[in-house]
Amino acid sequence: MMRNIVLKRFLQSSSSFTRSPSSRSNPFLLSSRCYAVSTPLAEDEAETVVFPREGPGFSYGLNWALAGKGVIVKDKAFQNLKPSELKQKGATIAASLSGLPVHVRGSIVGGASELSKGQFGKLLKQVTSHISSISNVFVHDGAIGSSPKCDAKVRVISDSPAAVLSLSNVLWKTPTRAVSHDSCPLTVYVATSISPGVGDNIGLGSKGNKGFVAADIERSSLILCGKAFSDTNGIKEALAALSGPIISSRGGLPLPARLLVSGDSVILLFAPEETIQSCADSLVSADAGVILSSQGVAPYFQSGKSGGLSLFKLPAAVVLASSDSSGVIPSVSRLSPGQAAYHFLAGYQNGKFTPAYSKGPSSTDPLELAKAFLSKLQENQISSFLINVNEGEKSITGKDLVKLVESTLSKNIPTFQAKGGDLQEKYKSFLSGKFQELPEEFSF
């Protein structure tokens, strides 16, 4: 019955594009591929109602695809409009927001509040119903990661051109029809004008009255309500969590790292957020998230600092930044692949551990990620280093940090030797308590 209702609504929405007998001389419609349906007017006559396959704001294939996602186009659906065209439709550049609630269902690692299957299903139903009630729907296709073999395709379905304009600056461009032909694209639903109390109605509380982000990793879906489309950091955090399983299934390794380009060399940098922000201007992107594959390394999201490059060559070095004011960890030292995987898994920062350097939500088990990280280092023979950004009383930040990271490209870096202390026992105690069994290659 539900399928019949959707079909009926879809045909009703398409009927606004039928041709009357007086309009059949329209050259555009005559040149289009059309679908015809005979409708009885009387016993001895019939009229052919013609549905154009393509037209301004109408695509038969797109409307069917949107119907499959629960959105029935009421009037028109505009796909992949240019920024200038979006502005003609009323899009404006919205003020940036941060700190809006982020709810993720299916996250193994923390960083977001949990969302139940029932809550997300109820929210999705309300959001698709809302978008279906809006005259004009705006669709944008893009990708997370710029490696065509390991990226995650994304389709944005929005009630607002402003939201599409904002998200088009985050996602990488993708070829026409790439999303339609993809086996498991992500879907982003944007409901900017939905009732502010929608979150409270499904039990998420009233904190998200200005807007909130809700993601379901199992459904490969993201919902942005209210002004959430302006919270770029929250969106990227949720998209990174959603895209991880897809990227991994295609041979890529999703990592919470940053890219630093030094001369002809590429360096992957893992470091605490406050450390990263001190040298953000020197990085390809300050956003955490790269895809490491046999083709090279690609940032998750667009950045104006990439110099037009979307895929960089394999890194010459991986640098793990730790913070140890006790001085047990040397200023800079070389690691074996097994040591690199071990320190990556620990993510040690002055007495605290952040497994796999990831604070945001993630569906990937940190130990499995560390194992895959070890394999990539071995397969591609990538050199690994550990630096201490807080040796003694002095914190190393900004340009000094960049110089220290770039120094790893020298061949004169000594191998890692802890300077006494009980730090090794702290590592062992934490990791053995959190993970059942570590691979033999992993070592301090």
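Residues numbered from 1 in each chain as written. Predicted model: local features only at pLDDT ≥ 70, side-chain atom pairs only at ≥ 80, totals over all residues. Heavy atoms only, no water.

1. Regarding the pattern of salt bridges
Rule in force here: For salt bridges, the criterion is a side-chain nitrogen of Lys or Arg within 4 Å of an Asp or Glu carboxyl oxygen. Note on conventions: DSSP H or I runs of at least 4 residues are helices, E runs of at least 2 residues are strands, and numbering of each starts at the N terminus.
Inspection of the entire model under this criterion finds 9 salt bridges. Salt-bridge contacts for Asp151 lead to Lys153; the nearest nitrogen and oxygen are separated by 2.9 Å. With a closest N to O distance of 2.8 Å, Arg258 and Glu273 form a salt bridge. Of this pair, Arg258 sits in strand E14 (residues 258-262) while Glu273 is found in helix H9 (residues 273-278), placing the two residues 15 residues apart along the sequence.

2. A look at the packing of helix H10 (residues 337-346) against helix H13 (residues 423-434)
Short version of the rule: In this analysis, axes come from line fits to C-alpha atoms, helices being fitted only over the stretch in contact, and the angle between any two N-to-C directions falls in the range 0 to 180 degrees. Oblique is the label for any angle not covered by the other classes, which are roughly parallel (under 35 degrees), roughly antiparallel (over 145) and roughly perpendicular (65 to 115). The contact criterion used throughout is that any non-hydrogen atoms of two residues lie within 4.5 Å. Basically, the charged four are Asp, Glu, Lys and Arg, the nonpolar ten are Ala, Val, Leu, Ile, Met, Phe, Trp, Tyr, Cys and Pro, and anything else, Gly included, counts as polar.
Viewed as axis vectors pointing N to C, H10 and H13 meet at an angle of 70°, and their least axial separation amounts to 10 Å. Relative to H13, H10 is oriented roughly perpendicular. Side by side, H10 and H13 meet where Tyr342, His343, Leu345 and Ala346 of the first sit next to Tyr427, Lys428 and Leu431 of the second. Tallied by class, residues from the contact of H10 with H13 come to 5 nonpolar, 1 polar and 1 charged.

3. Notes on the nonpolar core
Test applied: In plain words, nonpolar cores are sets of buried Ala, Val, Leu, Ile, Met, Phe, Trp, Tyr and Cys residues tied together by side-chain atoms within 4.5 Å. Note on classification: 1.4 Å probe, protein chains only; a residue is buried when its accessible area is under 20% of the maximum for its type, exposed when over 50%, partly exposed between these limits.
Formed by 42 residues in total, the largest nonpolar core has its most connected members in Leu255, Phe270, Leu320, Phe344, Phe373 and Tyr427. Sequence-distant contacts of Phe373, defined by excluding residues within four places in its chain, comprise Leu253, Leu255, Phe270, Val318, Ala340, Ala341 and Phe344.

4. Some details on the layout of surface pockets
To keep it simple, the criterion reads: Buriedness of a pocket was judged along seven lines, with at least five required to meet protein on both sides within 12 Å; pockets are open sets of points on a 1 Å grid over the protein atoms alone, cavities are sets where a 1.4 Å probe fits but cannot get out, and lining residues have an atom within 4 Å of a point. Grid points are joined across faces, edges and corners, and a volume is the space filled by probe spheres set on the points.
The volume enclosed by the largest pocket comes to roughly 940 Å³. Residue lining of the largest pocket: 42 residues in total, with Pro256, Ala288, Ser358, Lys359 and Gly360 positioned closest to the centre. Those elements that provide at least two residues to the lining of the largest pocket are helix H8 (232-249), strand E13 (253-255), H9 and helix H11 (366-380). The element that contributes the greatest number of residues to the lining of the largest pocket is H8, accounting for 7 residues. Here the residues of the lining of the largest pocket sort into 19 nonpolar, 14 polar and 9 charged.

Shape is all these values report; function is a separate question.
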